[in-house]
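# Structural characterization, general
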Amino acid sequence: MTMPSHASPSTAQTLCAENVGVTYPGLHDSEPVVALQNVNLTIEPGEFIVALGASGCGKTTLLSLLAGFLSPTQGRITLAGEPIVGPGADRGVVFQKHALLPWLNVLDNTEFGLKLQGVPRAQRRTRAVQNLELVGLQDFHQHMIYQLSGGMQQRVGIARALTCDPAMLLMDEPMAALDALTRETIQELLLHIWQRTRKMFFFITHSVEEALFLGSRLIVMSPRPGRITHTFALDFNRRYLAEGDGRRIKSSPEFIAMREQVLGIIYGDERAAGPAGGLHA
Amino acid sequence: MPRRTSLLRGKPATPGKVYGAPGAGHSGHISLITSAVLIGLWFLVTSMGWVKPLFLPSPQAVYAKFLAAMTDGVAGSTLAEHAVASLSRVFGAFFLACATAIPVGILMGVNRYARGIFDPPIEFYRPLPPLAYLPLVIIWFGIDEFPKIFLIYLAIFAPMAIAARAGVRSVSIEQIHAAYAMGGTPTQVILHVILKAALPEIFTGMRIGIGVGWTTLVAAEMVAADRGLGFMVLNAAQFLASDTVIMGIVVIGIFAFAFDLLVRYLERLAIPWKGRI
């Protein structure tokens, strides 16, 4: 095993969601809640999908479906032709709040998935060390989780998910709790990891700018009922990887025009929904 | 309008301190002063003859009794023998409870059948005073050593099991989901995530449990004991030997406090992440 996460056997896998819906039964005599309706989504290997939408549009429900934490009430989801019936090591998840294990140090946290899978110690250590280096934490192996900053904790979360060598990486607003500077650093880090690993990425965010910068495809979701309303193909991430200047891309006219267009869609949803809801561009 | 420095407002923050939580700051030195004042009062009221020795013997008398108990013994045994008898009962019951209550509590947290089965009996007997079921324990198990340990064990079992169950419930669903998404099986999730995450609450349960054990000691030694700190106190009470009563109370208190300090120390070693994440 030289570079396990970079030459995975998973490159021929495609994720397919057909007419997927989730309806929660209503409490007492209230109407059933349609969290997600009629979602069709195909993710090819090497795609970076970003899901964006106002609160309550079903983004997290969709991610839970893909992760297998939730099963759909309508439709079906397959990965490489196999139906998704539960969580599995082929789909890594990075959570909004890191969800690392505080009794393990950084290295042991990163190895944890391989330990569960029964991979021999020397082999799992090698892979964990590689992935910690990939996220820039090579000097923090023995640190405890509570000694790290929020951004470093999230990077351990990313390294941990990568170490299991999943076919796809699911990320539920992983930067929501980070400050703006750390956010930009990790956005750029994620793009480099995406380029090197060629995995499928599915990324949820509240931030339009983050969505446009990261995604190779943007899906905009709307609430009541939760559904995909718009899809945009993007190439800002490839331009960043080619040119290496994130700020210049984010201030380019095309980026700003795109941002305004997407913001218009989402503000339309917010106005239709009333005064509630939180969004930061 | 009066100036806005009324009682309703806090004091201005002192430089370098955070303005905020009521009651912030150290209190250890105040506790030391309180202890010194209480002991000083004890010396004062007894040496001035304000209270009869029958009601409150002087500290000197209690200390003399302590020395006498160490060498000549009281109620047929030396203080060390009484202490060993009581310690073996309390710790026997405590370790028995650790070995059973913690697994039962964890099982209740991770299995709904176990929860359904164990919840009614535990919640029913938990609030009962041990003195109320002491007669039953004696009728069922006689007057040997076992019923004494069993009574203390029952008192410790419920709070420990409840704490372990609460510990299991305190695990975040993200941590469990993360383990599943890395290929973990339910058994692995219980062993590697839930058990570890429940440790802080389990330690709290152990501290509460051992405390309850000491409070039940006297009840356990009420019937057919001829040795033990609780027996010594009860026996002295029948002869109105209040110096022995107070000496026994102080000895029990010191043992209980010392063990609590030990558990707190072990807690810091075993779960350094507590309160930091």
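Residues numbered from 1 in each chain as written. Chains lettered and ligands numbered in written order. Predicted model: local features only at pLDDT ≥ 70, side-chain atom pairs only at ≥ 80, totals over all residues. Heavy atoms only, no water.

## Section: the overall build of chain B
When its secondary structure is counted, chain B shows ten helices and zero strands. Element order for chain B, N to C, with α for helix and β for strand: α-α-α-α-α-α-α-α-α-α. Computed over C-alpha atoms, the radius of gyration of chain B comes to 24 Å, more than 25% over the 19 Å expected from 2.2 N^0.38 for 277 residues, which places it beyond the range of a compact globule. Here chain B holds 277 residues, and the buried ones make up 37% of them. Across chain B, the fraction of contacts at a sequence separation of at least 24, relative to all contacts at a separation of at least 6, is 69%. With the model as given, the accessible surface of chain B reaches about 16,200 Å², and the carbon-plus-sulfur share is 70%. Each charge class in chain B was averaged separately, 21 positive and 13 negative side chains, and the resulting centres sit 16 Å apart. (Helix = DSSP H or I, 4+ residues; strand = E, 2+ residues; numbered from the N terminus. Rg over C-alpha atoms; globule rule 2.2 N^0.38 Å. Buried < 20%, exposed > 50% of the residue type's maximum accessible area, 1.4 Å probe, protein only. Contact = heavy atoms within 4.5 Å. Areas by Shrake-Rupley, 256 points an atom, 1.4 Å probe, with all protein chains shown as cover. Lys, Arg positive; Asp, Glu negative; His and termini not counted. Charge placed at Lys NZ, Arg CZ, Asp CG, Glu CD.)

## Some remarks on the packing of helix α2 (residues 106-116) of chain A against helix α8 (residues 186-220) of chain B
The interhelical angle for the contact between α2(A) and α8(B), taken along N-to-C directions, is 155 degrees, at an axis separation of 12 Å. Taken together, the axis directions place α2(A) and α8(B) in an arrangement best described as roughly antiparallel. Once α2(A) is placed against α8(B), the crossing between them reads as right-handed. Of the residues in α8(B), those in contact with A:Phe112, A:Lys115 and A:Leu116 of α2(A) are B:Gln188, B:His192 and B:Val193. Considered class by class, the residues forming the contact of α2(A) with α8(B) number three nonpolar, two polar and one charged. (Axes fitted to C-alpha atoms, helices over the stretch in contact; angles between N-to-C directions. Parallel < 35°, antiparallel > 145°, perpendicular 65-115°, else oblique. Left-handed = near helix turned anticlockwise from the far one by under 90°. Nonpolar A, V, L, I, M, F, W, Y, C, P; charged D, E, K, R; others polar.)

## A closer look at the sheet that holds strand β1 (residues 15-24) of chain A
All names here are of chain A. Read across the open sheet, the four strands follow the order β2-β1-β4-β5; overall the sheet is antiparallel. Looking at strand neighbours, the two that pair on one side only are β2 (33-43) and β5 (82-83), the edges of this open sheet. Pairing between β1 and β2: seven bridges, direction antiparallel. Bridge pairing links Val20 to Val39 in β2. Seen against the sheet, helix α1 (residues 59-67) touches β1, β2 and β4 (74-79) and runs at an angle of roughly 60 degrees to β2. (Pairing = 2+ DSSP bridges.)

## Some details on the side chain of A:Asn237
All names here are of chain A. Within the element layout of this structure, Asn237 appears in helix α7 (residues 236-243). Given the relative accessible area of 0%, Asn237 is considered buried. At a separation of 2.9 Å, a polar atom in the side chain of Asn237 contacts the main-chain carbonyl oxygen of Leu214. Dropping the residues within four chain positions of it, Asn237 is found in contact with Phe48, Leu191, Trp194, Phe213, Leu214, Gly215 and Ser216. (Polar contact = N/O pair within 3.5 Å; in protein donor to acceptor, adjacent residues only side chain to side chain.)

## Here we look at the interface of chain B and chain A
At the interface, 19 residues of chain B touch 23 residues of chain A. Here chain B meets chain A over a buried area of about 1,900 Å², counting both sides, of which 75% is carbon and sulfur. Elements supplying a minimum of two residues to the side of chain B that touches chain A: α7 (173-180) and α8 of chain B. Among the elements that take part in the side of chain B that touches chain A, α7(B) stands out by supplying six residues, more than any other. The residue inventory of the side of chain B that touches chain A, partitioned by class, reads ten nonpolar, six polar and three charged. (Buried area = accessible area lost by both parts, 1.4 Å probe.)

## Points about the pattern of salt bridges
Residue and element names in this part refer to chain B. Across all of its chains, the model carries 22 salt bridges over all chains by this definition. In this structure, Asp260 and Arg207 form a salt bridge, with 3.0 Å as the shortest nitrogen-oxygen distance. In this pair, Asp260 is assigned in helix α10 (residues 242-270) and Arg207 in helix α8, connecting sequence segments 53 residues apart. By relative accessible area, which is 28% here, Arg207 ends up partly exposed. Here Arg207 and Glu267 are joined by a salt bridge, their closest N and O atoms 4.0 Å apart. (Salt bridge = Lys/Arg side-chain N within 4 Å of Asp/Glu carboxyl O.)

## Brief notes about the packing of helix α2 (residues 59-71) of chain B against α10(B)
All names here are of chain B. The interhelical angle for the contact between α2 and α10, taken along N-to-C directions, is 75 degrees, at an axis separation of 9 Å. Overall, the two elements α2 and α10 adopt an arrangement that is roughly perpendicular. Of the residues in α10, those touching α2 at Ala61, Val62, Lys65, Phe66 and Ala69 are Asp243, Thr244, Ile246, Met247 and Val251. Taken together, the residues that form the contact of α2 with α10 break down as seven nonpolar, one polar and two charged.

## A few points about the side chain of A:Lys59
With respect to the element layout, A:Lys59 can be found in helix α1. Leaving out residues up to four positions away in the same chain, A:Lys59 has contacts with A:Ala51, A:Leu52, A:Gly53, A:Ala54, A:Glu173, A:Ile204, A:Thr205, A:His206 and A:Met221.

## Brief notes about a nonpolar patch on the surface
A cluster of nonpolar side chains, contributed by B:Ile33, B:Val37, B:Leu38, B:Leu41, B:Leu44, B:Met48 and B:Trp50, occupies part of the molecular surface with about 730 Å² of accessible area. Looking at where B:Leu41 falls in the secondary structure, it is placed in helix α1 (residues 28-47). (Patch = residues over 30% accessible without salt bridge, like charges linked within 9 Å, V, L, I, M, F, W, Y side chains within 5 Å.)

## Observations regarding the packing of aromatic side chains
Describing an aromatic ring pair means giving the distance of the ring centres and the angle of the ring planes. Per the stated rule, a full pass over the model turns up 22 aromatic pairs over all chains. When the centroid spacing of 5.6 Å and the interplanar angle of 80 degrees are considered together, the rings of B:Phe94 and B:Phe259 count as edge-to-face. Residue B:Phe94 is located in helix α3 (residues 79-110), and its partner B:Phe259 is located in helix α10; the two are separated by 165 residues in the primary sequence. Judged by its relative accessible area of 13%, B:Phe259 falls in the buried class. The lysine or arginine in question, A:Arg198, covers the ring of A:Trp194, its NZ or CZ lying 5.3 Å from the ring centre. Against the face of B:Tyr113 rests B:Arg112, its NZ or CZ located 4.9 Å from the ring centre. (Phe/Tyr/Trp six-rings, centres within 6.5 Å; stacked < 30°, edge-to-face > 60°. Lys NZ or Arg CZ within 6 Å of the ring centre and 35° of its normal.)

## Some details on the confidence of the model for chain B
On average, residues of chain B score 88 in pLDDT, and 94% of them reach the 70 mark or higher. Confidence estimates for the predicted assembly give a pTM of 0.80 and an ipTM of 0.84. (pLDDT = per-residue confidence, 0-100.)

## Let's talk about the nonpolar core
Formed by 70 residues in total, the largest nonpolar core has its most connected members in A:Phe112, B:Phe94, B:Phe157, B:Met160 and B:Leu229. In this structure B:Phe94 touches B:Ile156, B:Met160, B:Met206, B:Ile210 and B:Phe259, once residues within four positions along its chain are discounted. (Core = buried A, V, L, I, M, F, W, Y, C linked by side-chain atoms within 4.5 Å.)

## So, α2(A)
Each α-helix winds once per 3.6 residues, and so residues spaced three or four apart point in a common direction. Residues and elements named next belong to chain A. With nine of its eleven residues buried, α2 lies for the most part within the structure. Inspection of α2 places Val106, Leu107, Asn109, Thr110, Glu111, Phe112, Gly113, Leu114 and Leu116 among the buried residues, and these make up the whole buried set. The distance from a side-chain oxygen at the start of α2 to the backbone nitrogen of Leu107 is 3.2 Å, and the residue carrying that oxygen is Asn105. Following α2 by one or two positions, Gly118 has its phi on the positive side, about 80 degrees.

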